[in-house]
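Structural characterization, general
Here's the letter readout for the chains.
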Amino acid sequence: MVTGIVASVVTMASPVLLAHPLQADLAADLVRLHGAVSDPADDVRVAVTTSRFGLSAEEIAALPGLEAIVSFGVGFDSIDLDAARDRDIAIATTPGVLTDAVADLAVGLLIDSVRQVSAADRYVRDGRWAAGGTYPLTGHVTGRKVGIVGLGRIGTAIADRLAGFRCEIGYHNRSVADVPFAYHASVAELAAWADVLVLAAPGGGDPIVGANELAALGPQGHLVNIGRGGLVDEPALVAALTDGTIAGAGLDVFADEPHVPEALWALDNVVLVPHVGSATQQTRREMADLVLDNVAAFLERGELVTPLR
Ligand code: NAP
């Protein structure tokens, strides 16, 4: 009897589309609760996607009944916002619940880049310490000047953590925020002031860090990027890390994921991680729950819990 009910739900048309691959527990919940389907259909009202895959103009056009897009993640650069706006399609992301995990990773990358944790680990594993070597001295974290590009939820959480390291914080947003940190009117100006430049802004536009900003950061400077790969002119960054224009970098995001420029693989002064800012078990479950809350609220009341404004 129970099996019959489940089977009839799964084969019924559903208002919910699994538009792209989702983590298994979330996909299973959407199928169980809403009979979510994997193939586009005229009666789909809500498309569930991820910040990695988003939803293109073509995918939106293929869903004539679409009223809402619910995305697992906070980045929205992969969603065609114009196509959604033209049809008055509401969009929800999962802000807030991933802030701590991403800020934690940003600070980890900062420490790793400046103190060369990953490079020193390779030094031990390669037997170079045992062979009598002495690892070179590194930079220092406590008390450094850290410039944050994108002082929003995640940028602020990074600043909060760095208070424990007695770092001086400066920032650049498009607009001045009501915060106790110095505002810098351009990324280049912030880079010239900072010892470490941290990118925590959304992507989707042209790069905001190129050869000029990297030169301003200078040969003792480090770059941390947990925002989006497209914020940085990647060939300029490869050149700056190779020729010593900057000292090092910690990168979670890349211009053409999952492809990381091969020129970076052999460099000891860059830490490379595969876009794992929010990838803790706790955070990913909280993101999944927020997706479920948004889908349920939209189907029940026509409202999203965390609409993108
Ligand atoms: P948020 O609260 O909306 O903060 C974004 C901040 O960036 C705002 O302070 C905004 O201020 C500033 N900003 C926007 N465009 C800018 C630009 N062109 N130049 C300089 N500053 C700009 O968002 P959040 O939750 O902190 O997330 C920030 C970004 O982190 C996301 O959009 C996403 O790309 C990235 N992210 C990465 C991961 C990961 O796994 N690595 C996970 C989650 C999020 P103004 O509006 O005044 O400019």
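Residues numbered from 1 in each chain as written. Predicted model: local features only at pLDDT ≥ 70, side-chain atom pairs only at ≥ 80, totals over all residues. Heavy atoms only, no water.

It is worth spelling out the packing of aromatic side chains at this point. Scanning the model with the defined rule gives two aromatic pairs in all. Pairing tyrosine 123 with tyrosine 135 gives two aromatic rings, centres 5.0 Å apart and planes at 80°, and the pair type is edge-to-face. With tyrosine 123 in helix H6 (residues 117–125) and tyrosine 135 in the loop between H6 and strand S5 (145–149), this residue pair connects regions lying twelve residues apart in the sequence. Between tyrosine 171 and tyrosine 183 the ring centres are 5.3 Å apart and the planes differ by 65°, which places this aromatic pair in the edge-to-face class. Of the two residues, tyrosine 171 sits in strand S6 (residues 168–172) while tyrosine 183 sits in strand S7 (residues 182–183), which places them twelve residues apart along the sequence. According to the relative accessible area criterion, tyrosine 171 is buried, its value standing at 0%. (Phe/Tyr/Trp six-rings, centres within 6.5 Å; stacked < 30°, edge-to-face > 60°. Helix = DSSP H or I, 4+ residues; strand = E, 2+ residues; numbered from the N terminus. Buried < 20%, exposed > 50% of the residue type's maximum accessible area, 1.4 Å probe, protein only.)

Here we take up helix H7 (residues 153–163). An α-helical turn contains 3.6 residues, so a residue and the one three or four places further along point in the same direction. Here H7 has its buried residues at Ile154, Gly155, Ala157, Ile158, Ala159 and Leu162. Those residues of H7 hidden inside the fold are in contact with helix H5 (99–115), S5, S6 and strand S8 (196–199). (Contact = heavy atoms within 4.5 Å.)

This paragraph deals with the side chain of aspartate 252. With respect to the element layout, aspartate 252 can be found in the loop between strand S10 (248–251) and helix H11 (262–265). No salt bridge forms around the buried aspartate 252; measuring N to O, its nearest opposite-charge neighbour arginine 228 is 7.0 Å away. A distance of 2.6 Å separates a polar side-chain atom of aspartate 252 from the backbone nitrogen of valine 276. Within the structure, aspartate 252 has its side chain in polar contact with the backbone nitrogen of glycine 277 (distance 3.0 Å). In contact with aspartate 252, not counting residues within four places along its chain, are Leu105, Leu109, Asn225, Ile226, Glu257, Val273, Pro274, His275, Val276 and Gly277. (Lys, Arg positive; Asp, Glu negative; His and termini not counted. Salt bridge = Lys/Arg side-chain N within 4 Å of Asp/Glu carboxyl O. Polar contact = N/O pair within 3.5 Å; in protein donor to acceptor, adjacent residues only side chain to side chain.)

What follows concerns the UniProt feature "domain: D-isomer specific 2-hydroxyacid dehydrogenase catalytic" (unreviewed entry) in the protein. Following the UniProt record, one finds the feature "domain: D-isomer specific 2-hydroxyacid dehydrogenase catalytic" (unreviewed entry) at residues 40–304. Between the C-alpha atoms that bound residues 40–304 there is a distance of 21 Å. The span itself is 37% helix and 15% strand. (UniProt positions renumbered as here; feature names shortened; annotations may be inferred.)

Residues in contact with the ligand amount to 25 residues; listed here are only the nearest, Arg153, Ile154, Arg174, Ser175 and Asp252. Backbone polar atom of isoleucine 226 to a nitrogen atom of the ligand: 2.9 Å apart, as the coordinates give it. Within the side chain of histidine 275, a nitrogen or oxygen atom sits 3.3 Å from an oxygen atom of the ligand. The protein chains hide 85% of the 930 Å² of surface that the ligand would expose on its own. (Near = heavy atom within 4 Å. Areas by Shrake-Rupley, 256 points an atom, 1.4 Å probe, with all protein chains shown as cover.)

In a beta sheet, neighbouring strands are held together by backbone hydrogen bonds and run either parallel or antiparallel to one another. Ordered by their spatial adjacency, four strands build an open sheet running S1-S2-S3-S4, and the pairing between neighbours is parallel. The sheet is open, and its two borders are formed by strand S1 (16–18) and strand S4 (90–92), each paired with just one other strand. Direction aside, neighbouring strands of the sheet carry axes that sit 20° apart on average. Pairing of S1 with strand S2 (residues 46–50), which is carried by three bridges, proceeds in the parallel orientation. (Pairing = 2+ DSSP bridges. Axes fitted to C-alpha atoms, helices over the stretch in contact; angles between N-to-C directions.)

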